[in-house]
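The residues making up each chain are set out below.
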Amino acid sequence: MTNKIIQWYNINKRDLPWRKSKEPYKIWVSEIILQQTQIKKGESYYIKFITTFPNIKTLSESNDTEILKLWQGLGYYNRALNMLETARNIVQNYKGIFPKKYNDLIKLKGVGEYTAAAISSICTNESKAVVDGNVYRVLSRVFNISEPINSSAGKNKIKTIANKLLPPINSGTYNQAIMDFGSMQCTKHNPNCKICPINNNCIAYIDNIINTRPVKTRKIKKKHRYLNYLFISNNNQFIIQQRGTNDIWKKMYELPLIESNSAITIDKLKADKYLKKFIINEVKKERNMKHLLSHQCLNIVFWHISVKNLNSNHKIISKKDISKYPIPKPIERYFEIKD
Ligand code: SF4
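Residues numbered from 1 in each chain as written. Predicted model: local features only at pLDDT ≥ 70, side-chain atom pairs only at ≥ 80, totals over all residues. Heavy atoms only, no water.

## Re the packing of helix H5 (residues 64-71) against helix H6 (residues 78-93)
- Relative orientation of the contacting elements H5 and H6 amounts to 135 degrees, with a least axis distance of 9 Å. As judged from the angle between their axes, H5 and H6 are oblique. Two packed elements cross with a definite hand, and for H5 against H6 that hand is right-handed. In contact with Asp64, Ile67, Leu68 and Trp71 of H5, H6 contributes Arg79, Ala80, Leu81, Met83 and Leu84.
- Per-class residue counts for the contact of H5 with H6 are 7 nonpolar, no polar and 2 charged. (Axes fitted to C-alpha atoms, helices over the stretch in contact; angles between N-to-C directions. Helix = DSSP H or I, 4+ residues; strand = E, 2+ residues; numbered from the N terminus. Parallel < 35°, antiparallel > 145°, perpendicular 65-115°, else oblique. Left-handed = near helix turned anticlockwise from the far one by under 90°. Contact = heavy atoms within 4.5 Å. Nonpolar A, V, L, I, M, F, W, Y, C, P; charged D, E, K, R; others polar.)

Pasting the structure below:
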């Protein structure tokens, strides 16, 4: 089966920019970007990232705002902040040389088992199997794994099988092959099993149960949050603020925020103590927006609050300057459609 997947890969592999390199820095950048991101979208971010930060040193000299701005639109912004921290760590403690071995890589911030296995196998052929969503799908079908792939029993079973399938040499090629195989051949919906080179090995195909594999336990219910964003303006200028570090969108910029336990009325908003420091001309509800994150459903209302004065204790900017700041997707959309 291993050889058949490698043969399939030799014919079908995608021409992706990071595949032209075995530099651990570039493989690391591509792997972090591709977590939770479609290849097509990830490719343009990868090119932008490598052009801006061609090596670990240039990345280490960056700052939170610059890297978050570059990452804007990709989501999971912790990834970017962790990369910056890791780059500084490598420059300070590893003489600027990116590690290649699994046991060193796994110690880096933001590098988990999957990323460490990908970098070490691709760069040095270290015998470590990568197990991403594609690999879970292929192996749970071929070996008819009935344990949920989001349970530890299911994960461990698949990891054990994945490591057994690694070839004695070229583990890096095989790892890339099985991930491509999962994303292009053994697709989530309607895989073309008739032309699949491993259909003789695939128990789910033989038993006609591919649609029941992989098994997943039900998703966690999303938490609902109610965010009231305030566009507090005077004379074409308005207030922005930087987010803290204990919540989503760490260190990004946003409009002043009042979070409530449920949707609030205009009168309740006007009575909030945050607005007491302003002399208000008018308050208008401007836009409702729903934004889904992996574990949260954000119910957002944008309020336009025109005021007589903008207190200099705040960070005040004009609309044309918002593009200089890293902002979360809903704020970006708000400004895109704002008149
Ligand atoms: S036979 Fe179908 S389900 Fe089985 S590995 Fe091939 S594509 Fe996937």
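Let's pick the thread back up.
## What to know about helix H1 (residues 2-12)
- Of all the positions in H1, only Thr2, Ile5, Ile6, Trp8 and Tyr9 are classed as buried. The arc that holds every buried residue of H1, seen down its axis, measures 160 degrees, which confines them to one face. Residues Asn3, Gln7, Asn10 and Ile11 are exposed on H1 and point more than 90 degrees away from its buried face.
- Against helix H10 (152-165) and helix H11 (171-184) lie the buried residues of H1. (Buried < 20%, exposed > 50% of the residue type's maximum accessible area, 1.4 Å probe, protein only. Arc of directions from axis to C-beta.)

## Section: the pattern of salt bridges
- Across all of its chains, the model carries 17 salt bridges by this definition.
- Residue Lys251 pairs with Asp64 through a salt bridge whose shortest N-O separation is 2.8 Å. On the criterion of sequence distance, the pair formed by Lys251 in the loop between strand E2 (237-242) and strand E3 (253-254) and Asp64 in helix H5 is long-range, its members being 187 residues apart.
- As a salt-bridge pair, Asp247 and Arg225 come within 2.7 Å of each other at their nearest N and O atoms. Taken together, the residues Asp247 in the loop between E2 and E3 and Arg225 in strand E1 (residues 223-234) connect sequence positions 22 residues apart.
- Residue classification places Arg225 among the buried residues on the basis of a relative accessible area of 7%.
- A network of salt bridges, in which partner residues are shared, links Arg225, Arg243, Asp247, Glu254 and Glu259. (Salt bridge = Lys/Arg side-chain N within 4 Å of Asp/Glu carboxyl O.)

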